[in-house]
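Structural overview
As a plain string of letters, each chain reads:
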Amino acid sequence: MHQDADPEAPRTLHVRDIGSFHIGGREAQLSGLPAREVVFSPGNPPVRVDPNGSFEIEQMYVQHVRLAAPRARQPLLLMHGGGLCGVCWETTPDGRPGWQRRFLEAGHDVFVADAVERGRASWARSPEFFAGEPLFRTKAEAWELFRIGPPGSWQGRAGASAACPGQQFPVDAFDAFMKQSVPRWAGNDAATQTAYNALAAAHGPFALIAHSQGCNFAFRMALARPDRVAAIVALEPSGFPDPPPQELARLTGIPQLFVWGDHFEGHATWARIRQGLAGWRDALRRSGVRVDELELPAQGLGGNSHMLMMDRNSDAVAARVQAWFVQQGLAG
């Protein structure tokens with residue numbers, strides 16, 4: 001079949017530039033640790049390694065693809081969630097084109113971030129620079145918290161665990177998805193926010209699509225640099241800032257869209273999250289901010305997990321988001 005005859009096939013992209021860079025971060029010093037000898041390759045002699053000295057830490061990695069003729073007014077920045085990195089926007093775990101590709105096809109220049117400590121942003125020594133121990137997400141936590149299966153359904157492996165009825169996440173690719181999981185530290189939010197704000201200042205204004213934990217960074221970026229944020233699409237945000245009410249007026253020119261999936265029944269954690277986000281939404285609206293909500297089941301898109309950009313109907317969800325951008329005059 002000819003590629004253009006298949007509506008799900010990737011379309012040819014005419015690209016002007018592909019590149020990447022690191023942004024944010026700082027120089028840090030380490031002293032007082034003992035040196036030791038290390039054999040870096042079998043058969044080689046040991047090398048004396050002194051861990052003390054100067055380091056660059058707390059930087060963010062950003063990849064960008066710029067089209068030859070973009071149709072969107074601003075580039076699009078994709079912001080990942082907790083315990084993940086920018087790969088979540090690339091090819092889906094079951095091998096379909098991800099949202100990086102789909103929004104390029106829709107006419108956006110696309111930037112994809114690996115936030116501080118994640119992916120190609122790189123680590124720093126812990127606990128000397130990154131306080132505390134790294135946190136790792138288990139398969140059971142991801143299966144149930146991401147609403148792939150209901151609470152208490154994990155039975156040691158995806159094939160033996162009951163998925164939610166009508167589940168849109170590609171369950172057979174769950175193990176492939178978990179290979180994307182990366183460690184996270186609980187104390188690096190300030191450094192992450194500093195890097196995101198620096199990215200906005202240097203390369204914005206952006207339209208933002210943020211997921212889960214990344215939504216909090218998006219909201220705070222808009223508060224810090226409202227001139228560098230054109231719009232926010234928040235995919236199932238898991239947190240929000242708490243600024244003085246008068247500061248919310250800074251966001252009146254930044255339309256926002258909250259997108260929610262399915263299978264929230266029986267999830268006490270998600271009940272608390274959604275209650276808090278309803279309060280944040282209402283506070284924004286009282287301050288004159290346009291906030292739309294997209295409940296996917298009400299739009300005929302049932303069965304979505306927390307990982308909306310990876311679900312089997314991810315193209316249909318992306319189309320709803322793109323239609324919203326068009327309605328805001330941000331894309332053609």
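These numbers were taken from a predicted model, which means no experiment stands behind them. (Residues numbered from 1 in each chain as written. Predicted model: local features only at pLDDT ≥ 70, side-chain atom pairs only at ≥ 80, totals over all residues. Heavy atoms only, no water.)

Quick look at the packing of aromatic side chains
- In this structure the tally under the stated criterion is 20 aromatic pairs.
- With 5.5 Å between their ring centres and 70° between their planes, F169 and F177 make a pair best called edge-to-face.
- Take F169: its relative accessible area is 1%, and that puts it in the buried class.
- Pairing F240 with W280 gives two aromatic rings, centres 6.0 Å apart and planes at 20°, and the pair type is stacked. Taken together, the positions of F240 in the loop between β8 (229-235) and β9 (256-260) and W280 in helix α6 (residues 268-286) put the pair 40 residues apart, joining distant regions of the chain. (Phe/Tyr/Trp six-rings, centres within 6.5 Å; stacked < 30°, edge-to-face > 60°. Buried < 20%, exposed > 50% of the residue type's maximum accessible area, 1.4 Å probe, protein only. Helix = DSSP H or I, 4+ residues; strand = E, 2+ residues; numbered from the N terminus.)

Comments concerning the confidence of the model for the chain
- For the chain, mean pLDDT is 95; residues scoring 70 or higher make up 97% of the total.
- Below pLDDT 50 for its whole length, residues 1-5 participates in 5 contacts with residues either more than four positions away or in separate chains. (pLDDT = per-residue confidence, 0-100. Contact = heavy atoms within 4.5 Å.)

Section: the pattern of salt bridges
- The final tally for this structure, using the stated rule, is 15 salt bridges.
- R225 is the salt-bridge partner of D227, the closest N and O atoms lying 2.9 Å from each other.
- D227 sits in the partly exposed class, given a relative accessible area of 47%.
- Linked by salt bridges that have partners in common, R101, R102, E105 and D315 make up one network. (Salt bridge = Lys/Arg side-chain N within 4 Å of Asp/Glu carboxyl O.)

Quick look at the nonpolar core
- Ranked by size, the top nonpolar core spans 49 residues in total, and within it L77 and Y196 carry the most contacts.
- The dominant element in this core, judged by the number of residues it contributes, is helix α5 (residues 213-224), at 7 residues.
- Excluding residues within four positions of it along the chain, L77 makes contact with F111, A113, Y196, L199, F206, A207, L208, I209 and M221. (Core = buried A, V, L, I, M, F, W, Y, C linked by side-chain atoms within 4.5 Å.)

Some details on the pairing of strand β4 (residues 53-67)
- Alignment of strand β1 (residues 15-30) against β4, held across 14 bridges, turns out to be antiparallel. Along β4, the bridge assignment pairs E27 with E56.
- Pairing of β4 with strand β6 (residues 110-114) involves 5 bridges; the strand directions are antiparallel. Residue pairing across strands places V62 opposite A113, the latter belonging to β6. (Pairing = 2+ DSSP bridges.)

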